[in-house]
Amino acid sequence: ANNLGTVTAGSIAGGSITCATTFPAGHIIQINSSSGYAYQVLDTDIDVVMEVTLSNVKASSHVYISWQIPFLINTDSTAVEGAEVYIFRDASSQSVGASVNGTNIVAANPSSTEAVGWLFKSDADIEMYATESGSIIDESALTGTNVYKLCASAYSVTGPIVCGHDGLVSITAMEIAR
C-alpha cells in the first residue's frame, strides 16, 4: 500500500486524497479553527462558549485540540472562586450558550470528568483578568464528524465571572495520523 512517503505519479486520482489513503504517523490530515468574541456571564452550569468541527475523521486518528479563553473574575468574596474550562466531543444537541452535561468529555484521564483548565482567585479586592489556554489530545475521536465544544463554568460564584471578556476566544482541532 502506498503512503504519502512513497506515492507514485498517478496514484492519487484527480488530485483528491480519499479515505483509502494511508498517511504516515504524525502527519496532520486536517485543521479547523474558530475564533471570535464570545462574551458570556458564567454560572455553575457548564456552558458552550465556542465549537469547531472536523469531518471525515479516520478511525486510526488522534485529534489535537488547543484553546484560549480570556476571563474576568470580579468577585467580592475571600472564598476561592474562578472558572473551569472543559472540552466536549459531539455534544451535538448543545448550542453556544447552552448548558452541557456529562457525556463525551475530553479529559487527560479518559475516565475523568474533570476540567482541562481552570483559573482561581481568593482575594476579595482583586479584579482578575487572565487568559486560560491549553491543549489536549483526544485519543478516542469518532470516525466521521467530530464536533468539539469549548465550554466553561464558574466555580463558587458570588460575583460576576465572565468568559470572552476583553479578548479573543479560540479553539483549534487538528486530525493527526497515527
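Cut-offs used in this document
- Think of each chain on its own: its residues are numbered from 1, step by step along the sequence as written.
- Since the coordinates come from a predicted model, pLDDT governs what is reported: local features require at least 70, and pairs of side-chain atoms require 80 or more to be given and counted, while whole-chain, interface and lining totals use all residues.
- Calculation of side-chain values draws on the structure's entire complement of heavy atoms; hydrogens and water are dropped beforehand.
- Categorising residues by exposure relies on relative accessible area from a 1.4 Å probe, with only protein chains included: less than 20% of the type maximum marks a residue as buried, more than 50% marks it as exposed, and the intermediate range marks it as partly exposed.
- Under the scheme used here, helices are H or I runs from DSSP no shorter than 4 residues and strands are E runs no shorter than 2 residues, and both carry numbers assigned from the N terminus.
- Two strands are counted as paired when DSSP detects at least two bridges linking them.
- The patch calculation keeps residues exceeding 30% relative accessible area without a salt bridge and links them within 9 Å when they carry like charges or within 5 Å when they are nonpolar (Val, Leu, Ile, Met, Phe, Trp, Tyr).
- To measure how exposed things are, a 1.4 Å probe is used in the Shrake-Rupley method; for residues, cover is taken only from the protein chains shown.
- Every case where a carboxyl oxygen of Asp or Glu lies within 4 Å of a side-chain nitrogen of Lys or Arg is listed as a salt bridge.

Student: Help me understand the pairing of strand β5 (residues 81–89) in this model?
Tutor: Within a regular strand, side chains alternate between the sheet's two faces. Among the nine residues of β5, nine are classified as buried, and the element is accordingly described as predominantly covered. Burial of β5 is two-sided: the residues Glu 81, Ala 83, Val 85, Ile 87 and Arg 89 facing one way and the residues Gly 82, Glu 84, Tyr 86 and Phe 88 facing the other way are all buried. Examined bridge by bridge, β5 and strand β7 (residues 105–106) share two bridges and lie antiparallel to one another. Across the sheet, the residue bridging to Phe 88 is Ile 105, located in β7.

Student: Is there a simple way to think about the environment of Leu 150 in this case?
Tutor: Position of Leu 150 among the secondary structure elements: in strand β10 (residues 144–155). Separated by 85 residues in the primary sequence, Leu 150 and Ile 65 place their C-alpha atoms 9.7 Å from one another.

Student: I keep staring at a nonpolar patch on the surface and nothing clicks. Help me out?
Tutor: Residues Val 80, Trp 118, Phe 120 and Tyr 155 make up a contiguous nonpolar surface patch of roughly 390 Å² in combined accessible area. Residue placement: Val 80 occurs in the loop between β4 (61–73) and β5. Look at Val 80 and you get partly exposed, because its relative accessible area is 42%.

Student: Sorry if this is basic, but what is going on with the pattern of salt bridges here?
Tutor: Note that side chains of opposite charge can pair when their charged atoms are close. Under the criterion given, the structure shown has two salt bridges. Glu 51 is the partner of Lys 149 in a salt bridge, and the nearest nitrogen-oxygen pair spans 2.7 Å. You can see Lys 149 sitting in strand β10 and its partner Glu 51 sitting in strand β3 (residues 46–57), a full 98 residues away along the chain. Overall, the relative accessible area of 2% leaves Lys 149 in the buried class. Taking the shortest distance from any N to any O, the salt bridge between Arg 89 and Asp 138 comes out at 2.7 Å. With a gap of 49 residues between them, Arg 89 in strand β5 and Asp 138 in strand β9 (residues 128–138) connect regions that are remote in the sequence. For the pair Arg 89 and Asp 138, one class covers both residues: buried.

In short, the description is geometric, and any link to function would need to be established separately.
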